[in-house]
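Here is how the chains run, residue by residue.
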Amino acid sequence: MMRVFKNRRRRILAALNLLVALGIFSASQFALAQSQRDKAVIDNFIARQMRRESATEYKEARSIVRGDLNNDGDKDVVVLYTLENLGGTNQYVQYVAVFINRRRRLLYVTHQLVGGKNRRAIDSVSIKERKINMQTEEYLPTDASCCPSKKGKVSFMLSRGKLKEV
């Protein structure tokens, strides 16, 4: 009986080793763990920002994009997020936060106010050639504070740990 158990155990271990060697088992589990860890880093950062500003996040508007910002070959993360009800008002603001990928861990670098009510609305964000590109709607003098109408673009680059408009 003990011999059968040892043989079964050897076969199971051999199969697991094969899966690990092929990268099937560990890669999917690793990707899931990294994804959950990345989400926790982003969620914790935004939660601290909400407390500082006495605001809530409009989560449905959150946008996360990946691309290389510092030319190291790793995909960094840019998060566009919206905080509303600032101090109990109906004001909202939009920020981008930058997280650099270091050894498969996200490290916060900086964040910047990029839009909001009576400023401009950020419709989308992307990363291309180390630039953070945003499609915007700007306010014309005749626009109501709810509704900017002029299409625009704005781009930023990460330079010495800060975002600079280019």
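Values in this document were obtained by computation on a predicted structure and should not be read as measured data.

What am I meant to see in the side chain of Asp143 here?
By the secondary structure assignment, Asp143 is in the loop between strand S7 (131-138) and strand S8 (150-159). Within the buried core, Asp143 has no salt-bridge partner, and the shortest N-O distance to an opposite charge, that of Lys150, equals 9.5 Å. Separated by 2.8 Å, the side chain of Asp143 and the backbone nitrogen of Leu140 make a polar contact. One polar contact links Asp143 to Ser149, side chain to side chain, over a distance of 2.9 Å. With sequence-adjacent residues up to four places away left out, Asp143 is seen in contact with Glu138, Pro148, Ser149 and Lys150.

Got a minute to help me understand the pairing of strand S9 (residues 162-165) in this structure?
Moving residue by residue along a regular strand, the side chains alternate between the two faces of the sheet. When S8 meets S9, the two strands line up antiparallel, connected through four bridges. Paired with Leu158 across the bridge in S9 is Leu163. In sequence, S8 turns back onto S9 through a hairpin of two residues, with Arg160 there showing a positive phi of about 55°.

When you look at the state of the cysteines in this model, what are you seeing that I'm missing?
If you walk through the whole model with that rule in mind, you get one disulfide. The residue that forms a disulfide with Cys146 is Cys147, at a sulfur-sulfur distance of 2.2 Å. Between Cys146 and Cys147 the disulfide shows an S-S torsion of about -85°. By sign, it is left-handed. Note on Cys146: relative accessible area 56%, which makes it exposed.

Help me understand the pairing of strand S4 (residues 92-102) in this model?
With respect to burial, S4 is a largely interior element, nine of its eleven residues being buried. As paired elements, strand S3 (residues 76-84) and S4 share eight bridges and run antiparallel to each other. Its bridge partner being in S4, Leu83 is matched across the sheet by Val93. As paired strands, S4 and strand S5 (residues 105-116) are joined by ten bridges and run antiparallel to one another. Looking across to S5, one finds that Val93 is bridged to Gly116.

About the criteria used
- Residues numbered from 1 in each chain as written.
- Predicted model: local features only at pLDDT ≥ 70, side-chain atom pairs only at ≥ 80, totals over all residues.
- Heavy atoms only, no water.
- Helix = DSSP H or I, 4+ residues; strand = E, 2+ residues; numbered from the N terminus.
- Buried < 20%, exposed > 50% of the residue type's maximum accessible area, 1.4 Å probe, protein only.
- Lys, Arg positive; Asp, Glu negative; His and termini not counted.
- Salt bridge = Lys/Arg side-chain N within 4 Å of Asp/Glu carboxyl O.
- Polar contact = N/O pair within 3.5 Å; in protein donor to acceptor, adjacent residues only side chain to side chain.
- Contact = heavy atoms within 4.5 Å.
- Pairing = 2+ DSSP bridges.
- Disulfide = S-S within 2.5 Å.

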